[in-house]
Amino acid sequence: MTIAFIPCTELQRAAEFTFDNMRVYYAQYAPEWDVEKVLSATSKLINLDILLDEKVVGVMRLEYEDDNCVLRDLQIIPNEQNKGIGVTALQEAKKLALSANKNTLSLRVFKISPAVALYQRDGFVIKSEDDRFFNMVKDLKQ
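Since this is a predicted model, take the numbers as computed values, not measurements.

Further remarks concern the state of the cysteines. Covalent bonding between the sulfur atoms of two cysteines is what defines a disulfide. Inspection of the entire model under this criterion finds zero disulfides. Of all cysteine sulfurs, the one in Cys69 lies closest to Cys8, which takes part in no disulfide; the gap is 17 Å. Residue class for Cys69 comes out buried when judged on its relative accessible area of 0%.

By size, the foremost hydrophobic cluster in this structure holds 31 residues, and its most contacted members are Ile50, Met60, Leu71, Leu74 and Tyr119. Of all the elements in the fold, those that place two or more residues in this core are helix 1 (11–29), strand 2 (46–52), strand 3 (55–65), strand 4 (68–76), helix 3 (85–99), strand 5 (104–110), helix 4 (115–121) and strand 7 (133–139). The dominant element in this core, judged by the number of residues it contributes, is helix 3, at five residues. Not counting residues within four places of it along the chain, the set of residues in contact with Leu74 comprises Ile50, Val59, Met60, Gly86, Ala89, Leu90 and Tyr119. Phe19, Tyr25, Ala30 and Leu39 belong to the second-largest nonpolar core, a separate cluster that totals eleven residues.

What follows covers the pairing of strand 7. Burial within strand 7 is extensive, with five of its seven residues counted as buried. By the bridge criterion, seven bridges tie strand 5 to strand 7 in an arrangement that is antiparallel. Its bridge partner lying in strand 7, Phe110 is registered against Phe133. Pairing of strand 6 (residues 125–129) with strand 7, which is carried by four bridges, proceeds in the antiparallel orientation.

Thresholds applied
Residues numbered from 1 in each chain as written. Predicted model: local features only at pLDDT ≥ 70, side-chain atom pairs only at ≥ 80, totals over all residues. Heavy atoms only, no water. Disulfide = S-S within 2.5 Å. Buried < 20%, exposed > 50% of the residue type's maximum accessible area, 1.4 Å probe, protein only. Core = buried A, V, L, I, M, F, W, Y, C linked by side-chain atoms within 4.5 Å. Helix = DSSP H or I, 4+ residues; strand = E, 2+ residues; numbered from the N terminus. Contact = heavy atoms within 4.5 Å. Pairing = 2+ DSSP bridges.

Structure representation (C-alpha cells):
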C-alpha cells in the first residue's frame, strides 16, 4: 500500500468530492452549501490529492497563517477510511507545516464527526468549541 500526496490540479473534482463526502453535515448545519461554494472556499488553499496506489482516494487542504498551519480539510472516500490514510495525511500535514516553519497545526471539526477521535489520538487538543465545532490544535515543536 503506497500513499502519496500530489498537488491537486482538478479543483472542481475535489470540490465535488468534498461536497459529496460532507453532504450529511452540510444538510444538518449549512444547508446553503453547494459544490460551487466549496470550490470558492477552497480554490486558494494548498490543495493536495491523496493517492492510494496511484488512485485518488481523498483530498487534503492546508493554509498557512502566521506561525500556524491550518488543516482546512481532510477528506477520504468512505470505502478507504479506517485504513491508516488519515494518520498518514496528518503526518504529511505536520511535515509540510514544519518545512514552512510553522509551530502549530490547527483545525476545525464538526463535533459529531468520527474524525475527532483520529485527531485526539494524534495529539490534537480542543482549544475552543461552539455548538457545532471543536477548534483543535497540535504543538509541532514538542
